[in-house]
There are 2 protein chains.
Amino acid sequence: MTVEKVTSVDVAKRAGVSQSAVSRVFTPGASVSPKMAEKVLRAADELGYRPNVLARSLITGRSRIIGLVVAYLENQFYPDALEKLSNALQARGYHILVFMVSNDEAGIDQVMGELLDYQVDGIITASVGMSNDLAARCAAAGVPVVLFNRGQDDDRLNQVTSDNFEGGRKIASFLAAGGHQKIAHIAGWSGASTGRDREAGFRAGLEQAGLELIACIDGMYKREIAADAARKLFAGTDRPDAVFVGNDHMAFAVMDVLRFELGLSVPGDVSVVGYDDVSLASWPAYDLTTLRQPSNRMVEATVTTLLDWIEEGGTHVQKIKIDGPLMIRGSVRIPEGWPDARL
Amino acid sequence: MTVEKVTSVDVAKRAGVSQSAVSRVFTPGASVSPKMAEKVLRAADELGYRPNVLARSLITGRSRIIGLVVAYLENQFYPDALEKLSNALQARGYHILVFMVSNDEAGIDQVMGELLDYQVDGIITASVGMSNDLAARCAAAGVPVVLFNRGQDDDRLNQVTSDNFEGGRKIASFLAAGGHQKIAHIAGWSGASTGRDREAGFRAGLEQAGLELIACIDGMYKREIAADAARKLFAGTDRPDAVFVGNDHMAFAVMDVLRFELGLSVPGDVSVVGYDDVSLASWPAYDLTTLRQPSNRMVEATVTTLLDWIEEGGTHVQKIKIDGPLMIRGSVRIPEGWPDARL
DNA sequence: AGTGAATATGCATACGTATGCACCTTATAT
DNA sequence: ATATAAGGTGCATACGTATGCATATTCACT
């Protein structure tokens, strides 16, 4: 396999011009005459020349690479987000370098180091937090960070989330309006802001309706743990008549346990509500009522924020919350005369 | 935001040594004395120095970046593969640059060009084919390619697939053994080898059992098209008693239509078999019988093949087929006395 | 102590591109 | 026609690192 690299020098030679001229032809906005452009482009085409992005980045200091840190792709919300992020960035001339990471501090630190080695122009973390030390290193390296679907109290870190507190609250008032009395919660991981905020909003909404949680278990955003939580919640005789599960991924597991292990009817015996509105939630097998995280708008906000920092040298750290509607489907008892309008 | 790059020169200065020495300390296998290593590492640590991968790649000609081209992540098989590929490559010091692509020739060509601009060391396409022209360009650039889950007659392209023909055949004999008489097929996209091979194997298996397909519709690997196909298949009075669907992603849609639109029982009225064995297939809501594509082994083979080419200058193009078992679950009528052993 | 081999180190250069500067060409206005 | 600005072009250098070559140091052995 003979590798014949063709460089701007080769093109210059063939076109009978200087290397700078070639470079300028391939640099948008540089000053070149039409005649020159034509000559160079023809020579480039004949040789099959394409600029070396890496060499370019050495000078410009911009790699057009965005690092994406993500913990797991099993929850459908993330591949969906990844696909949308990648498309949006690709349309703007950037590309995503993927870093899978186990969600513990040591793993993240190690991976984030590798990330910076690649001179990424920016970093998006999907549902992953950062240590202070790390945030400092990114800041020092001048690499902007956006936390996608994760909040963190650090005024160097941009973040884009749905309005988790308000979402939890909406679900609470919806369940309360449906006349549910014994309401339980299988929470998202308490180590993440999303889980905590949803729970807090949910509790606030219940209180507002004069209700109280009868049980709350941390599901860790994991299918198996959520399933166990469901088994535990429904082990006694005093069963909940409604469960809010911290995300759809866990909610599916919970519904499976309720229906196929315990023989309960959803929503006949118990209402189930999720969070995210991944596409599977709308499939008839689950038909899950859930609070939609508007991934399109979240992605849009993420990309806009990040590129603003990269290209305009942004200075104002954004903490963006995006409101989403409750998607009412067949997994819940629907309140009498509940307005069709989305919450 | 002040960006202070710290380079090997800075480290050299502080440690009182030459830049070459610093480079060697960070190059595994280079000759350095323990004393030197210690001095340099301390200085590097104090300054927070890390080698610039991009600058390094300019000299070595290796970027340690693998381009991954993928069409869509909705089918759970792909995020799963992506996660595993990324982990496996990461463990070997490589990272994945993601390129989303619409599955048409023009889009692929455009994207593949950008890919080569990044000087990737290798390319993996997930369920995406390549034009001859493109294969030639990759070969000319010395960039090895592995097609993951896609076959193509081109002796420059490595490929790793499951044994799709044999898989289709296994499913046919299983359904035949179950006493099904009116067997239909909702095929994978006929534009892809996987779909064609599964269908061919399926037909061969039926013939072997003295049966014949009563209907076959191209589902294009798309949920909505598969759902329509199911509606069409079951519109008349002479309904199939078994359907083999070209992948799980479509099979879920088919089951949804059968159960929730047509009120049929699966497997009471009709058996359904899928292909892939994504994790959702084993969830009780579907409990889908399906032929497992062993993604772990496929990923392993893909990574091994690719890195062999990259690091050892491989020369023998691999066309690897990996056999997978039929996972027998509740979506089919199970043949009397069918051995528990996997097919 | 002296010899040769083996190991460490520094110097200089190369990788492929972008860009400041100086120069030259062409267009524009006077 | 001349003066001036505006636009093109080439030269030289820089980006941050790896590496061949020559030299300096260490070591084992006689």
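See the structure shown above.
So, how was this worked out
- Residues numbered from 1 in each chain as written.
- Chains lettered and ligands numbered in written order.
- Predicted model: local features only at pLDDT ≥ 70, side-chain atom pairs only at ≥ 80, totals over all residues.
- Heavy atoms only, no water.
- Helix = DSSP H or I, 4+ residues; strand = E, 2+ residues; numbered from the N terminus.
- Rg over C-alpha atoms; globule rule 2.2 N^0.38 Å.
- Buried < 20%, exposed > 50% of the residue type's maximum accessible area, 1.4 Å probe, protein only.
- Contact = heavy atoms within 4.5 Å.
- Areas by Shrake-Rupley, 256 points an atom, 1.4 Å probe, with all protein chains shown as cover.
- Lys, Arg positive; Asp, Glu negative; His and termini not counted.
- Charge placed at Lys NZ, Arg CZ, Asp CG, Glu CD.
- Patch = residues over 30% accessible without salt bridge, like charges linked within 9 Å, V, L, I, M, F, W, Y side chains within 5 Å.
- Salt bridge = Lys/Arg side-chain N within 4 Å of Asp/Glu carboxyl O.
- Near = heavy atom within 4 Å.
- Polar contact = N/O pair within 3.5 Å; in protein donor to acceptor, adjacent residues only side chain to side chain.
- Least-squares fit on C-alpha atoms with pLDDT ≥ 70 in both.
- Buried area = accessible area lost by both parts, 1.4 Å probe.
- Nonpolar A, V, L, I, M, F, W, Y, C, P; charged D, E, K, R; others polar.
- Pairing = 2+ DSSP bridges.
- Core = buried A, V, L, I, M, F, W, Y, C linked by side-chain atoms within 4.5 Å.
- Axes fitted to C-alpha atoms, helices over the stretch in contact; angles between N-to-C directions.
- Parallel < 35°, antiparallel > 145°, perpendicular 65-115°, else oblique.
- Left-handed = near helix turned anticlockwise from the far one by under 90°.
- Expected span 1.5 Å × (residues − 1).

Draft legend 1. Examining the overall build of chain A more closely. When you go through chain A residue by residue, the secondary structure sums to 12 helices and 12 strands. For 343 residues, the compact-globule estimate of 2.2 N^0.38 gives 20 Å, and the C-alpha radius of gyration of chain A, at 25 Å, exceeds that figure by more than 25%. Dimensions along the principal axes, computed over C-alpha positions, put chain A at roughly 85 × 40 × 40 Å. Within chain A, the proportion of its 343 residues that are buried is 55%. Summarising the internal contacts of chain A: among those between residues at least 6 apart in sequence, 70% fall at separations of at least 24. Counting only carbon and sulfur atoms, one obtains 49% of the accessible surface of chain A, whose full area is about 14100 Å². Positive and negative side-chain charges in chain A, numbering 35 and 43 respectively, have mean positions lying 6 Å apart.

Draft legend 2. Highlighting a nonpolar patch on the surface. Residues L58 and I59 of chain A together with L58 and I59 of chain B make up a contiguous nonpolar surface patch of roughly 460 Å² in combined accessible area. Within the fold, L58 of chain B resides in helix α4 (residues 53-60).

Draft legend 3. Structural context of the protein's contact with DNA strand C. The immediate surroundings of DNA strand C are formed by 27 residues, with S8, S23, R56 and I59 of chain A together with R24 of chain B found nearest. The share of sugar and phosphate among atoms of DNA strand C within 4 Å of the protein is 56%. Between DNA strand C and Q19 of chain A, the relevant distance is 2.9 Å, taken from a base nitrogen to a side-chain nitrogen or oxygen of the residue. Residue R24 of chain B places a side-chain N or O atom 2.8 Å away from a base nitrogen belonging to DNA strand C. If you list the elements that add at least two residues to the surface near DNA strand C, you get α2 (19-25) and α4 (53-60) of chain A together with α2 (19-25) and α4 of chain B.

Draft legend 4. Local environment of the relation of the copies chain A and chain B. For the pair chain A and chain B, the relating rotation is 180°, the translation along its axis is 0.0 Å, and the fit reaches an RMSD of 0.1 Å. Read as a symmetry element, the transformation amounts to a two-fold axis. Of every C-alpha in chain A, the one belonging to L97 of chain A sits nearest the axis of rotation, 2.2 Å from it. Of all interface residues in chain A, 100% are interface residues in chain B too; the two copies therefore contact each other through one and the same surface.

Draft legend 5. Spatial organisation of the interface of chain A and chain B. Of the residues lining the interface, 57 residues belong to chain A; the matching set on chain B comes to 57 residues. Between chain A and chain B lies a buried interface of about 4900 Å² when both sides are counted; carbon and sulfur atoms form 61% of it. A per-residue breakdown of the area chain A buries against chain B is headed by L54, Y118 and W283 of chain A, which together make up 14% of the total. With its nearest N and O atoms 3.0 Å apart, the salt bridge here joins D117 of chain B to R50 of chain A. Joining chain A to chain B, the criterion identifies 14 residue pairs in polar contact (both at pLDDT 80 or more). Elements supplying a minimum of two residues to the side of chain A that touches chain B: α4, α5 (77-91), β2 (95-100), α6 (105-117), α7 (132-141) and α11 (248-261) of chain A. For the side of chain A that touches chain B, the residue count by class is 31 nonpolar, 15 polar and 11 charged. Two strands pair when backbone bridges link them, and β2 of chain A and strand β2 (residues 95-100) of chain B are joined in this way by three bridges, in the antiparallel orientation. Following the sheet pairing, I96 of chain A is matched in β2 of chain B by V98 of chain B.

Draft legend 6. Geometry of the nonpolar core. In terms of nonpolar packing, the biggest core is built from 116 residues, with I186 and Y286 of chain A together with I186 and Y286 of chain B touching the most fellow members. One finds M112 of chain A together with M112, V128 and L157 of chain B within the second-largest nonpolar core, a separate group that totals 50 residues.

Draft legend 7. Molecular detail of the packing of helix α10 (residues 223-233) of chain B against helix α11 (residues 248-261) of chain B. Residue and element names in this part refer to chain B. At a closest axis distance of 8 Å, the pairing of α10 and α11 adopts a crossing angle of 45°. Comparing the axis directions of α10 and α11 gives the class oblique. Between α10 and α11 lies a crossing whose hand is right-handed. Contacts from R223, A226, A227, A230 and R231 in α10 reach H249, M250, F252, A253, V254, D256, V257 and E261 in α11. Residue classes in the contact of α10 with α11 are distributed as eight nonpolar, one polar and four charged.

Draft legend 8. Seen up close, the protein's contact with DNA strand D. In the neighbourhood of DNA strand D, 28 residues make up the surrounding shell, with R24 of chain A together with S8, S23, R56 and I59 of chain B lying closest. For DNA strand D, the backbone makes up 55% of the atoms found within 4 Å of the protein, where backbone means sugar plus phosphate. Backbone polar atom of S8 of chain B to a phosphate oxygen of DNA strand D: 2.5 Å apart, as the coordinates give it. Here a phosphate oxygen of DNA strand D and a side-chain polar atom of Y49 of chain B are 2.9 Å apart. Within the surface near DNA strand D, the residues separate by chemical class into 11 nonpolar, 12 polar and five charged.

Draft legend 9. Main features of the side chain of S127 of chain B. Residues and elements named next belong to chain B. With respect to the secondary-structure elements, S127 resides in the loop between β3 (122-126) and α7 (132-141). Since its relative accessible area comes to 8%, S127 is described here as buried. A polar contact is formed between the side chain of S127 and the side chain of Y78, at a distance of 2.8 Å. Leaving out residues up to four positions away in the same chain, S127 has contacts with Y78, N103, F148, N149 and R150.

Draft legend 10. Helix α5 (residues 77-91) of chain B, seen in detail. Taking 1.5 Å of rise per residue, 15 residues should cover 21 Å, and α5 of chain B covers 21 Å from first to last C-alpha, within 8% of that figure. Once α5 of chain B finishes, G93 of chain B follows within two positions and takes phi at roughly 85°, a positive value.

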